[in-house]
Amino acid sequence: MASPAPASESNPLRAFLPRTRVPEPCTVVLFGATGDLVHRKLAPALMRLAVEGQMPAEFAVVGFARRDWDDNQFRAELHTSLSKSNIPDFEQTWPDFQQHLLFSAGTFDDPEAFQRLKQTLERADQTLGTRGNRLFYLAVAPEFFAKIVEQLGAAGLIDPPQQDGPWSRVVIEKPFGNDLESARALDRELSQYLSERQTYRIDHYLGKETVQNILALRFANTIFEPIWNRDHVRSVQITVAEEVGMPGGRGAYYDTAGAIRDMVQNHMMQLLCLVAMEPPVDLEADSVRNEKVKVLQSLPRWSAEDVAQNVVKGQYVTGSIQGKEVPPFRQEKGVPPDSLTDTYVAIRLTLNNWRWAGVPFYLRTGKSLPKRATEISIQFDTPPVQLFEPQDEGSGGANLLVLRIQPNEGASLAFQAKVPGSRRRLQEVRMDFRYGTAFASPPPEAYERLLIDAMLGDPTLYTRIDEVENAWEFISPILKAWEEHKIEPATYQAGSWGPTEADQLLERDGARWRRL
Ligand code: BG6
């Protein structure tokens, strides 16, 4: 954790905030400042932090992009997008906030542009009191990651980590590499200029409150952990379903990634780690990440035959979602008509470790599914002796714990209750926790938490290089098997729950996907 920084007195809200959560004065540099991520997620998150009094009084946000904008144009463009973001007290906070916004135009391969950026940063230090502390956020396509870091290094903009004095940190968006080899190569390039302590690899799922709550549920309660293992858990399902297909010409990018690179290698592996990891000794960044790495190390390393047995690759064909017709993936803009890309993946795996040996984990994710729903469900075993009448077909087992990551954030525990009457009949009933009703406000946006942590120097919710590499160790053989054998995806209709092959994957174990 970073040492507590002096909180400014200028915002009265700060008096009510824990002081440790206000970072030191700093500048956030947004590469890709004209892009979608900045306008939809990062700028609103920074603005919300300002409204909530969590930004230091001395801060600057510097946009860097090719477009020939000046400070005023950058401010005007951000004003337009922020005013659509439903930020409370936006208009009151904007006049002050906008004075912290600066713009520096240039391309990523032009050393002079980085000299101009340096001058802008020095101007921020002098006029806004940002003291040379810099958070560089690379909201750009992955081919520019190494180039930008190299230019920052050459321009003398990356200070080595030091005890006191200014800091420089770099946030790297996903994907970190395209497979194991390219992830290692990227790491080698970046580490010429950056130490691991300065490298913040983002996985925005870790910024979600409900994802962080997995550890609270497991390790701040006594009732779950004693049964959280192979002796009591029959299976675990992790679903990340998306209704969205390929909006705004996203097909061209997506065709190079597919669901397995876009969602499984990062977000789903992180969810798996949090569900399966051992208790860390404390909540320091490395303690948590050490335990996550052990989960990733217990993943199988599959042959092509194992892949065929345990992984279903799917792609959507025409269908309809909520009455709207959806074209097949192969007809989306930027997608070749013979694309073999996976828009859906289902995986059955077991972890090779003491706690989980033999327990199947079922993972599935896909685009153009009937609805957006991310959840983790833990199916517990049935009691050793059946005293009551058999449960309804399909109730699965005695107890089911469901963690709803999004939407309807919360958790529910299903258990068996006796149906009133003279028979010994059972019915599944539920205890339910909802964020919306339990806490006064909805959970904050993931990017708010992640940005503040990076400014504070807390990398707990960022992925360490060995997490990335170990996740690729599991994913790369799947990609290799698909690519070498030119595996045709199984098809599913847009608006359905995926290919029938995914159902068969579970039927082999006498299980089935939860209906969401
Ligand atoms: C991104 C993927 O990382 O996560 C997108 O690239 C996906 O394809 C998105 O839609 C899902 O994020 P969320 O927060 O909406 O679940």
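Everything quoted here is computed from the prediction, not taken from an experiment.

What counts as what
- Think of each chain on its own: its residues are numbered from 1, step by step along the sequence as written.
- Thresholds applied to this predicted model are a pLDDT of at least 70 for local features of residues and 80 or more for the giving and counting of side-chain atom pairs; totals over whole chains, interfaces and linings are not thresholded and use all residues.
- The side-chain numbers reported here are obtained from all heavy atoms of the structure, hydrogens and water having been left aside.
- Runs of H or I in DSSP of at least four residues are treated as helices and runs of E of at least two as strands, each being numbered from the N terminus.
- Between the two quantities, the radius of gyration covers C-alpha atoms and the globule rule is 2.2 Å times the number of residues to the power 0.38.
- Partly exposed residues are those whose accessible area sits between 20% and 50% of the maximum for their type, while under 20% is buried and over 50% is exposed, using a 1.4 Å probe and protein chains only.
- Two residues qualify as a contact provided that any one of their heavy atoms is within 4.5 Å of a heavy atom in the partner residue.
- Where accessible areas are quoted, they stem from the Shrake-Rupley method and a 1.4 Å probe; at the residue level, only the protein chains shown are allowed to cover.
- The charge count includes Lys and Arg as positive and Asp and Glu as negative, but it does not include His or the ends of the chains.
- Here the site of a charge means NZ on Lys, CZ on Arg, CG on Asp, or CD on Glu.
- By nonpolar core we mean a set of buried residues, namely Ala, Val, Leu, Ile, Met, Phe, Trp, Tyr and Cys, connected to one another through side-chain atoms within 4.5 Å.
- Strand pairing requires that DSSP identify at least two bridges connecting the strands.
- Axis lines are fitted to C-alpha atoms, over the contacting stretch for helices. Their N-to-C directions set the angle, which ranges from 0 to 180 degrees.
- To be near a molecule or strand, a residue needs just one of its heavy atoms within 4 Å of it.
- Identification of polar contacts relies on pairs of N or O atoms within 3.5 Å, with a donor-acceptor requirement for protein atoms, meaning one able to donate a hydrogen and the other able to accept it, and with residues adjacent in sequence counted only if both atoms are side-chain atoms.
- Residues are grouped as follows: Ala, Val, Leu, Ile, Met, Phe, Trp, Tyr, Cys and Pro are nonpolar; Asp, Glu, Lys and Arg are charged; all remaining types, including Gly, are polar.
- Exposure above 30% relative accessible area and the absence of a salt bridge qualify a residue for a patch, where like charges join within 9 Å and nonpolar side chains (Val, Leu, Ile, Met, Phe, Trp, Tyr) within 5 Å.
- Salt bridges are identified by distance alone: a Lys or Arg side-chain nitrogen within 4 Å of an Asp or Glu carboxyl oxygen.

(A) Seen up close, the overall build of the protein chain. A tally of helices and strands in the protein chain yields 14 helices and 17 strands. A globule of 516 residues ought to have a C-alpha radius of gyration of about 24 Å, and the protein chain, at 24 Å, matches this closely. C-alpha extents for the protein chain along the principal axes are approximately 80 × 55 × 45 Å. Buried positions account for 55% of the 516 residues belonging to the protein chain. Partitioning the contacts of the protein chain with sequence separation of at least 6, the portion at a separation of at least 24 is 76%. For the protein chain, the computed accessible surface area is about 23,400 Å², with 49% contributed by carbon and sulfur atoms. Charge centroids of the protein chain, computed over 57 positive and 69 negative side chains, lie 4 Å from each other.

(B) Region of interest: the nonpolar core. Judged by nonpolar contacts, the single largest core of 153 residues is most densely connected at Phe31, Leu117, Ile347, Phe361, Ile376 and Met455. Excluding its chain neighbours within four sequence positions, the residues that come into contact with isoleucine 376 are Ile214, Val236, Gln237, Ile238, Leu271, Val275, Leu401, Val402, Leu403 and Ile405.

(C) Quick peek at the sheet that holds strand β14 (residues 400-406). Across the sheet, which stays open at both edges, the nine strands sit in the order β16-β15-β14-β13-β7-β12-β11-β8-β17 with mixed pairing between neighbours. Sheet topology places β16 (426-434) and β17 (490-493) at the edges, where each strand pairs with a single neighbour. Strand-to-strand twist across the sheet, computed as the mean angle between neighbouring axes with direction ignored, equals 20°. Here six bridges tie strand β11 (residues 344-349) to strand β12 (residues 361-366), and the two strands are oriented antiparallel to one another. By the bridge assignment, leucine 349 is partnered in β12 with phenylalanine 361. Seen against the sheet, helix α7 (residues 209-219) touches β13 (373-380), β14, β15 (410-418) and β16 and runs at an angle of roughly 150° to β14. The strands touched by helix α14 (residues 500-507) are β7 (233-241), β8 (311-317), β11, β12 and β17; relative to β11, the strand with the most contacts, the crossing angle is about 10°.

(D) Up close: the site of the ligand. Close to the ligand lie Lys174, His204, Tyr205, Lys208, Glu242, Arg250, Asp262, Met263, His267, Lys367, Arg372 and Gln406, which account for all nearby residues. Side-chain polar atom of histidine 267 to an oxygen atom of the ligand: 2.7 Å apart, as the coordinates give it. One of the side-chain N or O atoms of lysine 367 is found 2.7 Å from an oxygen atom in the ligand. In the complex, the protein chains occlude 81% of the 400 Å² of accessible area that the ligand would expose alone. The greatest single-element share of the shell around the ligand, amounting to three residues, is contributed by helix α8 (residues 251-276). Considering only residue class, the shell around the ligand consists of two nonpolar, three polar and seven charged.

(E) Structural view of the side chain of arginine 355. The topology assignment puts arginine 355 in the loop between β11 and β12. Of the polar contacts made by the side chain of arginine 355, one reaches the side chain of glutamate 225; its length is 2.7 Å.

(F) Representation of the sheet that holds strand β6 (residues 199-201) in the model. With respect to topology, six strands assemble into an open sheet ordered β3-β2-β1-β4-β5-β6, the strand pairing being parallel. In this open sheet, the two strands that pair with only one neighbour each are β3 (101-105) and β6. Between one strand axis and the next, the sheet turns by 20° as a mean value, whatever way the strands run. In this structure, strand β5 (residues 168-172) lies alongside β6, joined through three bridges in parallel fashion. Bridged to isoleucine 172 within β6 is arginine 201.

(G) Layout of a nonpolar patch on the surface. Taken together, the side chains of Val385, Leu387 and Phe388 make up a nonpolar region of the molecular surface, amounting to roughly 320 Å² of accessible area. Tracing the backbone shows phenylalanine 388 in the loop between β13 and β14.

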